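Fold and contact review
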Amino acid sequence: MDDDINENYDIPVLDSSENATNTVSTPEDSSTQTSKKRAYPTKSVVWNHFTKEKGPDGIDERAKCNYCKKLFACPSSSGTSSLKRHLDKTCIPYTSRDKSQKLLSFKSVRDGDDVEEGAGVMPWVFDQDRARRELAIFIIKLELPFNIVDKDAFRGFIMVIQPRLKVISRTTIRKELLNIYGEEKLKLKRLIGVCHRVSLTADMWTSNQTLGYLGLTAHFIDDNWKLHKKILNFCMVPAPHGGDVIANAIELCLIDWNISKLSTITLDNASNNTVAVRTLVLVLSRKGMLLQEGRFFHVRCAAHVINLIVQDGLNEIKESVDVIRESFKYFESAFTRLQTRDAIFAREAPSVVDWKNAKVICRLLKVFYDATKLFSGHKYTTANLYFHEVFAIQEHLLGMAIHEDVSINQMATKMQSKFDKYWRECNVMLAIAVVLDPRYKLKYLSFMYHLIYATDEAESQVSLVKYEAFKIYDEYVSAHSSRRRRVLQSVERFSEVDSRTSPLGERRISSLQKQFFKMSAEKNDVGPASELERYLQEENHVDDPKFDILSWWKINSSKYPILSQMARDILSIPVSTVASESAFSTGGRVFDKYRSSMSPGVVQALVCTQDWLRAVRCDGNNDEEIEVYQHDNDIEIIESDSPDGWPVLVILMATVYLLPF
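Residues numbered from 1 in each chain as written. Predicted model: local features only at pLDDT ≥ 70, side-chain atom pairs only at ≥ 80, totals over all residues. Heavy atoms only, no water.

Some remarks on the pairing of strand 8 (residues 198-206)
Operational definition: DSSP calls a pair of strands paired once it identifies at least 2 bridges connecting them. Strands here are runs of E lasting at least two residues and helices are runs of H or I lasting at least four, both read from the DSSP assignment and numbered beginning at the N terminus.
When strand 8 meets strand 11 (residues 262-267), the two strands line up parallel, connected through 3 bridges. The partner of Val-198 across the bridge, within strand 11, is Leu-262. Relative to strand 9 (residues 212-221), strand 8 is paired through 8 bridges, and the arrangement is antiparallel. From the neighbouring strand, Thr-206 faces strand 9, where its bridge partner is Gly-212.

Re unusual backbone geometry
The residue after Ala-239, namely Pro-240, is reached through a cis peptide bond having omega -5°. As for its placement among the helices and strands, Pro-240 is situated in the loop between strand 10 (227-237) and helix 6 (243-256). One non-glycine residue, Glu-143, adopts positive backbone phi at about 60°. Position of Glu-143 relative to the elements: it lies in the loop between helix 3 (128-141) and helix 4 (152-161). One non-glycine residue, Gln-292, lies in positive phi territory at about 50°.

Comments concerning the confidence of the model for the protein
One rule of thumb: low pLDDT means the predicted coordinates there are not for detailed reading. Here is the rule: For every residue, the predictor assigns a confidence score, pLDDT, that lies between 0 and 100. Whether two residues are in contact is decided by their heavy atoms: any pair within 4.5 Å suffices.
The predicted model of the protein has a mean per-residue pLDDT of 75, with 67% of residues at 70 or higher. Ranking the elements of the protein by mean pLDDT puts helix 25 (residues 627-641) last, at 34, and helix 20 (residues 549-555) first, at 95. Between residues 111-119, whose pLDDT stays under 50, and residues either more than four places distant or in other chains, the model counts 20 contacts. Note that pLDDT drops below 50 for residues 583-590; the model gives that stretch 25 contacts with residues more than four away or on any other chain.

Focus: the sheet that holds strand 5 (residues 71-73)
The following threshold applies: All axes are obtained by fitting lines to C-alpha atoms, using only the stretch in contact for helices, and the reported angles, taken between N-to-C directions, cover 0 to 180 degrees.
Pairing is antiparallel in the open sheet, where 3 strands are placed in the order 3-4-5. With partners counted over all chains shown, the strands left at the sheet margins are strand 3 (50-54) and strand 5, one partner each. Across this sheet, the average inter-strand angle for adjacent strands is 35°, counted without regard to direction. Bridge count between strand 4 (residues 61-65) and strand 5: 3 bridges; the pairing is antiparallel. The residue of strand 5 that forms the bridge with Arg-62 is Ala-73.

In structure tokens:
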């Protein structure tokens, strides 16, 4: 056969070394003219399926199968019969390939959960492994039970759309889930590994088997200045769920993910969380993982604080609220008709005083409702928005305190007392986040503090924020200088090794260059003005409804290399745990009867993989908004179709019921 012909025999070639005439080299002359052989391309079709590679000695060639990756010797003295036999008989990937005619398919591009059709076409071949993986992703993202693949209706559907898809069991889906979990976890580890610091949120959950689970979520901004929220762990925590147990579970998670630098952790106001934070600060500060030795590590969930403030105020008009709540079950019918036809409702119908209180409270609680919605977002930074809402609430409470209604005054007094308690415990990092907003900086804080405080106290608050901001910045400068020294030391070591084999002149130039770099580094470190000082001295950026703070810092990161790193870490701090809780609570996503019957390891893999695979679209139109937003849309519809008085009731009920705790 032609394929068995040796392709490497010496073939006569023209010798151009003679000027007068061209002579032909003979096989006898080949020993002296081997360097002048012409390399002819391989002719056998078998080389469409094999790739030539150099052997370990760098001389002998080997043939590598493009399908199973096996290596075969291919000396010039043998043909390609052995390679053909491998393809036809022993190469399983090649023999099991689909030999049928390929179909044409439009190219599709994934955009989050959407698939957009492209303009081009491409050949399509059924892939069993890919189909199984996509089926697993389908089940994970839509929260379907694994045993759906065992249902006759599902199998009948699959037989219609793709008979070649092999029947798989729920055990196979479970294995595929764990494989995807491992792959996605490795990707996320690499992404977190390049970030400087990470912020955390955590909360405890309980299954219907009374097993306690800790959900730990990481919040960070990557090198492209994109905000991320990723669930790291959803692990079972042994009872009792004390602070030390929670702290130990969080520490083990950080070790597993190789996280060595943290900004803050946002928790609700449970007492066991306070104990957990104290334990974590002691342990993590020893390892150098926290800023300022953990003084600003704990951030209290703003949404929980707002809920506590509102509940204290509502207790003052508890009777009116209870009456309106009870009447809410008669929502479908008109009040006037119910009062005449339903004797029970007539006795429990809200009075004029109740409706008056409802109207007033509706307007008062709208501020808290809006703040809760804003703090619950996860597609935008919330740290720089916190103080704006807090100032609005403070101003609102001051207005309630001088209201003509005595009950409103009493409400304001109780709410102000609770507000002051948590305001004093407010994390200074959230004030620094406002400073790092180029539209406001320190001037805004000074302006607002002087509006709500006396002059001396306002000046004291501004000085405190400025002092802590520069102290944190100095820590970043120190870390930056340490990294620079390590780089210079590595360069010096390399130069020393290189100078041993370099001429004397080159050694002298290398030494002068090192002195120059050292002098430049020292001058940069002791410059006349730090980046933070220059940033504060510049004019504020003009406010724009379309302003994107992350885009601004991305553009100016080269201008403020150290300060921009500080901004990345502080702006990623979440002020609420609601966004993390929505990953578990919306739609009963985790602890239904199917999830509760799974082992803790599978539950963690399912919850985490589900979160990682659910890409948030850039336009913000995500179908998986947290519950408070879903109800907000319903409120608008109800208001438009309701008679006079109903909008007040609906907004009041939304405020009372939908504060998410």
